[in-house]
Amino acid sequence: MVKFRFFNFVNIFLSSVLIAFAWNMFLLPHKILSSGVSGISMMLALITPINTGIINYALNLPLMVLGFYKLGKRFMFYTIFSVTVTSIALLLIPIKPISSDPILSSVFGGVLAGIGTGFIFRASASTGGFDIIIFMLTRKKELPAGTLTFAMNAVVIFVAGFIFNWDSALYTMLSIFVSGKVIDAIHTKHLKLTLMIITNNGENVKQHLISKLVRGITIVDGEGAYTREQRKVLFMIISRYELAEVKRLIKETDPKAFVNVMETVEVMGYFRRDG
C-alpha cells in the first residue's frame, strides 16, 4: 500500500510538471490555450501581469474545496496535489517557445499535456477544473458528459477568438483535440465503465469494494466450462476516475481475479453515488 501511494505521488508529480512544461514552452508563447479552467487561467494570464500558476490555483481552489466534500477524499487529495504541483511548476518554468511554428507547438503541446493528464487519470486523480464540475454533475444526474465537456471548452475557444484572434482559437482547438486523443489512448474516453469480475473469493472482494466505494454490486453464480469450478461473478458500474482505484482493490483481495472492463454507453435506473 505504501509503495503504491509513493508511486502515485511520483507519477502525479512528474505528470503535473510535464503539463506545466507543455503550457509554458509550447502553448502560452503562441497564445494557444488548454481546455477548461486551465484555458481560462492561461487566457487571463496573457491579458494580465499575473502568472498562470497563481490564476490556475485561485480558480481551482473553490472547486477543490467543494469536490473534497462531494467526490471522496482520496480522489480529491490526489487532485489537489496535482493542481498544486502544476501551479508551482508554472511559476518556476520560464515562458519560452521551443518552436516558432504555432501548428507544431499546438500538436506537441497537446501531446505532452495529454500524456501528463492521462497518467494523472490512471493514478485515480484529475487535473481539476472542469473535470471536477462534470464529475459532480454526472454523479447527481444522468447528463451527457461528452456534451458538457464540449460545451464548456467551446466557450473557452469562442472567447479566445474574440480576445486574441481566430488563428489562436483554431490552434487551441487543434491542441485540445490532440490532447484528448492522447488521454483516450493512455486512460479511457468513457466516463462510465462496467466491470465484470470473476473470482474465487467473491465475498471478500465484494466487502473490500463496498468498504471503499459507494457503488452497487450485482453478484451471480458462475461455473468454469472445463473445470466445473464454482465462481462468483460481480458486476458493477463505475466512473473512469475510479478505475485505477478499483483495480488496485481487486488485486489486493484476489490477484488472480479475471476482470473485464467494458464501455458503458448509457445507464438507466439507479446509479448509486456518494455525496
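See the structure above.
Heads up: these notes are all about the structure in this document. (Residues numbered from 1 in each chain as written. Predicted model: local features only at pLDDT ≥ 70, side-chain atom pairs only at ≥ 80, totals over all residues. Heavy atoms only, no water.)

As for its position among the elements, alanine 257 is in the loop between α10 (243–253) and β4 (258–263). Separated by 58 residues in sequence, alanine 257 and threonine 199 have C-alpha atoms that sit 4.7 Å apart. (Helix = DSSP H or I, 4+ residues; strand = E, 2+ residues; numbered from the N terminus.)

We now examine the pairing of strand β3 (residues 230–239). Where strand β1 (residues 192–199) meets β3, 8 bridges bridge the pair, whose relative direction is antiparallel. Of the residues in β3, the one forming a bridge with isoleucine 197 is leucine 234. As paired elements, strand β2 (residues 217–223) and β3 share 7 bridges and run antiparallel to each other. Bridge assignment links valine 220 to a residue of β3, and that residue is valine 233. Counted between consecutive antiparallel strands, the loop separating β2 from β3 contains 6 residues, among which arginine 228 sits at a positive phi close to 60°. (Pairing = 2+ DSSP bridges.)

Under the counting rule described, the total for this entry stands at 3 salt bridges. A salt bridge links glutamate 203 to lysine 206; the shortest N-O distance between them is 3.1 Å. Of this pair, glutamate 203 and lysine 206 both sit in helix α9 (residues 202–212), 3 residues apart, which is roughly one turn of that helix. Judged by its relative accessible area of 18%, lysine 206 falls in the buried class. (Salt bridge = Lys/Arg side-chain N within 4 Å of Asp/Glu carboxyl O. Buried < 20%, exposed > 50% of the residue type's maximum accessible area, 1.4 Å probe, protein only.)

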